Structure formats: structure tokens, C-alpha cells
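Structural overview
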2 protein chains.
Amino acid sequence: MRDLANRPDLCCINTATLGFRISVEAAIDGLAARGIGGVSPWRRDLEGRRAAEVARRAADAGVRIDGYCRSSYLTHADPARRRAAHAENLRALDDAAELGAACYVLVVGGLAPGERDLGAARARARDGVADLLDAARARGVALALEPLHPVTTAGRSCLNTLAEALDWCDELDADGGNRLGVIVDAYHVWWDAALAAQIARACRARRVLGFHVSDWIDPPPDPVRGRGMMGDGAIDLRGIRRELEQGGFEGAVEVEIMSDAWDRRPVGEVLDACVRRVATVC
Amino acid sequence: MRDLANRPDLCCINTATLGFRISVEAAIDGLAARGIGGVSPWRRDLEGRRAAEVARRAADAGVRIDGYCRSSYLTHADPARRRAAHAENLRALDDAAELGAACYVLVVGGLAPGERDLGAARARARDGVADLLDAARARGVALALEPLHPVTTAGRSCLNTLAEALDWCDELDADGGNRLGVIVDAYHVWWDAALAAQIARACRARRVLGFHVSDWIDPPPDPVRGRGMMGDGAIDLRGIRRELEQGGFEGAVEVEIMSDAWDRRPVGEVLDACVRRVATVC
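Below: a short report on this structure. The model shown is predicted, which means the values in this text are computed figures rather than measured ones.

Structural notes on the relation of the copies chain B and chain A
Once chain B has been moved 0.0 Å along the axis and rotated by 180 degrees, it coincides with chain A to within an RMSD of 0.0 Å. The superposition of one copy onto the other is thereby described by a two-fold rotation axis.

What follows is the structure, encoded as C-alpha cells:
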């Protein structure tokens, strides 16, 4: 298992952690000043910018682009909305390629308004992933399925376990040629009794495209925007990292904290806390 | 599949649905007046009463006692608290036997304060169930493991899926002689991609001791006290009932709605809504 002390280069900051309060350029500078090795921007970070210029800025600063967040939902029942989301995802894949992002993160979406057929929503999600495979491969972009906590099933993601995400990988990308993989976000999967087995499975198949950390405060102040800083909650983050690294994972530890509470603190203080906690807790 | 129209006898009211605002005797009268077939009281309903007298009152009113809620947590790490909880559960099993309750519902508990070892908490929970088996069998009481939604893992229940509950049943009660089974509470398990398969498994092994209904409002106003009335949320309740009944389930449809919003309505109105929605939605 890697020693993370004095290794901020193994850390990555997802820009959601900074509450989108500063530009991606300022974020890159703040990371570089601390020796943080990677950034995962969101699509909103690139508004009004050319992806290639952001990529150059990051490269000049010595900061990797470990991921690009995130897909428009794939589960729309309305065909026009579905087509629009697909088109948005194709444009985002263009940007991901120009960024040189290690992966494009897929959050698949939940039920359609008024819908109760979870099986149908899941089928639309899986079909939506299938529809992106050729475009992603053509652009050289890996697609990262991110299962979200079951508290989000209705509204955000009907893909809720690593097991199901890996099943989709096996179905849609049996030989790995499409580079379809998964994000292991501790906040979303920590509760799962099958977690260790599924992490081992994901590692064997070389499907792990990212490891996201934050913490579970209980009870959660808000299921989406109430995440905790690593060490402040219930998750055995080091245990999860150990399982990943025993399986061969060598990627970054990416901090993704959506939190109204942390968004009230100065950005520099948040970054310092992230570096410290990754080194001491994760 | 049973037709629930004009069959309030197939309905059961868990007293949490009424917010513990009226006595168990008044609840029984209110159920009987509507032809509702069953009640599932909580331990607090029996405070200051003899279980045998409540049982007689229910029998006289023609109301079954479909369950008795619920266990003191089994996951305490502190030995003294663990022993105290065990003693409470033994007393509750005495009451369950006197009530003639169809089962005693086990909610296992979450992590100990400050704990991050979910595997250890789960082991304590399973051991705690094992410790109750002899006493339950001696009293003729079935034990019903209720997996709770993963939003409760840290604070209330580290048992979160039907699959895991059924694994425990297989481990602790291979031949069914201990009458260890499960509650399928739609609110807690509806999101699970493995639900249909695990319901079929539970039915084959004759493990289903109860079917609880409410609905998932999204986003949930509160993960514990923000449940919806059947039909007001995202859950395909009829689909879940169909799977249970195709597997041979013949028990009641038990309404268990913890809701601050419904607790503000008159009890009679809540009961009328339950009967109507069970008939039309479930």
C-alpha cells in the first residue's frame, strides 16, 4: 500500500470540492502551489473556454487531468430530451479528448418524472452508455460509470452498486476494448456488504478508472450537499484504498466533497485540509 | 395475485403510521371499525400494559397481531450496553409471545460511536441475532430481520439488503427450524437491482415474514421521517407485491409510514387514506 505522506502528487481535487467558486485556472494554480498532482474539472468549468487551452494550462503547471465530470443523464424517457442529452455528451467527449482527461464520468440519471419502472430506467441508462461507446473509443476517451448511493436512485442515478456497474461493463465491453470502467466513490459505495468482493472483481478486470473520497456524516445534513471531509465521518477510507491497491490500483486519490458547510470556508483552507486529510486519513 | 379491492382484512397498520398519537386500544378500535385485519404495535405501545390483555383486546376486535416492533440494537460495542440490549430483547420476546405476534422485528443497529469498521459491526449484529435464536424458539416467536435502506447504515442498520439478510438466515437457520426470516419493506429495498431475485429466493426458502409499504418521496424530506403515502412516490409497490405473491406470499400488506407530514393529519384520515391506497395502489 502506498504511503501518502508528503505525496500530494497522488492527490487529485475534483473542482466540486471548491464549490465552483474560482475559475479552473485559479484552481490549477492553487493545486500546483501545493504540489497536488491532479484536477478533475466539471463541464461548467470549461464554459467560455477552449478545452485545449485548459489542458495546456494544466500541463504547464504540472497538473494531470484525472477525470472530466459529468454526463448529461442517460435516462430521459422523452426521445427529444434523450437526443439532446446524447448530443451534449458527444460535445463533452470532444472536450474530454482535448483535455486529455483520463476518463469521462457517467452519472446515469434516475427515473423519469412520474415513472415507477426502475427496470425500464436502468435499461435506458445501459442503452445510453452503449450509445456512447463508439464515440468515446473514436476519441480515445475512457468512460467511467459511477454508481451513486441508493439515496439517489429516483432522482439522480438508478445505477447504485459497483456490482451492477461491473455487470454493465461485462455486457457492453467484454474484452475491455471500449475502455468502459468504474469510479469507486467511497461516499456512494461504502455501505455495500459486497464492496470488497466487487473491488477485487473490478481490479481483476482492470476496470477501476477512479477512486473518490469524502466522508459520510451521520445523519447526513443533506444527501447530496452534506458530504464530510475525510476523517469526519463513518467511512473506513484507508480500508477501501487498501483493497483497491491490493488489487493493483495505482491512480490518484480524488477528493470530491459537495458540501454547503465546506463551501463557506476559504478555498485555500479547503485545499490545505484536503491535502492534510488525504495524507493522514485516506 | 390477490385483488385487494374491498379487502381491508388483508391490510395491516403498523402503529408508527399513526405517530403513536393514540393508545394501542384506540388503534385497534379504529382498525376494527374499518375492517382492517391486522396491527403491528411497537414496544412503546405496551408500556404500562400487560401484553396478554392487548392480545385479548385485539382478538375480541377481530384484529390480528402481524408483528411486534422492534429490537433494541444488536451492534453495541460496549459489553454492558450489549448485555442490556439483549435483556431488553428477551423481555420483548416474552411480550411478543403473549401478544401472539406473528414475528418480532429485528432492526440490527449501525456502527458504534466513532467506529469505522463496518465488517465488525455486521459481525456483532449477526452474533446478536444468533444469541436470540434459542429464546425466540422457546417462546414460539419468529424473528424477522428487516434490512434498512443504505442511508441508515451508520446510525440505524448495518443490514441493508435482502441478500445479506437471507445470507444470515441461511447461516443461522439453515433448516428453518428457528423461524428466522425477513421483512420486505418496500421503502428500504425498492432501489435494489437484485430485488426480484432476492424476493424469489426468500419465497423459495419461505423466509418472508412481512411486507411493509409506504412510498419514496424524492428528494426525501427526511430519510427516516419523510416517508410518503403509497402512490405519492417512486416505488412500484404493486410490482413488488406481484413478485412476493408469485413466490407464494400470503401475508398482509402492512402500512408503515414514519412521516412528520402525515402525523399532522387526524388519525382517522390517515387510516382512511391507508385503506384506500392499499386497495388502489399496492
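Now, onward.
Observations concerning the nonpolar core
Core analysis: the biggest nonpolar cluster contains 168 residues, and Leu-145, Trp-190 and Ile-240 of chain A together with Leu-145, Trp-190 and Ile-240 of chain B have the highest contact counts within it. If we skip the residues at most four places from it in the chain, Leu-145 of chain A touches Leu-106, Val-108, Val-129, Leu-159, Ala-165, Trp-168, Cys-169, Leu-180, Gly-181, Val-182 and Ile-183 of chain A.

Describing helix α5 (residues 162–172) of chain A
Residues of α5 of chain A that are buried include every one of Leu-162, Glu-164, Ala-165, Leu-166, Trp-168, Cys-169 and Leu-172 of chain A, and no others. Elements in contact with the buried residues of α5 of chain A: α4 (118–139), β5 (143–145), β6 (180–185) and α7 (195–204) of chain A.

Points about the layout of surface pockets
Residues and elements named next belong to chain B. A volume near 490 Å³ is recorded for the largest pocket. If you go around the largest pocket, you meet 25 residues; those closest to its centre are Trp-42, Arg-70, Arg-156, Val-224 and Met-258. In the lining of the largest pocket, the residues fall into twelve nonpolar, four polar and nine charged. Counted as a void, the second largest pocket has a volume near 410 Å³. Around the second largest pocket, the lining comprises 28 residues; the ones closest to its centre are Val-208, Leu-209, Phe-249, Glu-250 and Gly-251. Where the lining of the second largest pocket is concerned, the elements lending two or more residues are α7 (195–204) and β7 (208–213). Each residue belonging to the lining of the second largest pocket can be placed in one class, and the counts come to 13 nonpolar, seven polar and eight charged.

How each quantity is defined
Residues numbered from 1 in each chain as written. Chains lettered and ligands numbered in written order. Predicted model: local features only at pLDDT ≥ 70, side-chain atom pairs only at ≥ 80, totals over all residues. Heavy atoms only, no water. Least-squares fit on C-alpha atoms with pLDDT ≥ 70 in both. Core = buried A, V, L, I, M, F, W, Y, C linked by side-chain atoms within 4.5 Å. Buried < 20%, exposed > 50% of the residue type's maximum accessible area, 1.4 Å probe, protein only. Contact = heavy atoms within 4.5 Å. Helix = DSSP H or I, 4+ residues; strand = E, 2+ residues; numbered from the N terminus. 1 Å grid on protein atoms, 1.4 Å probe; cavity = no way out; pocket = protein on both sides within 12 Å on 5 of 7 lines; lining within 4 Å. Points joined across faces, edges and corners; volume = space filled by probe spheres on them. Nonpolar A, V, L, I, M, F, W, Y, C, P; charged D, E, K, R; others polar.

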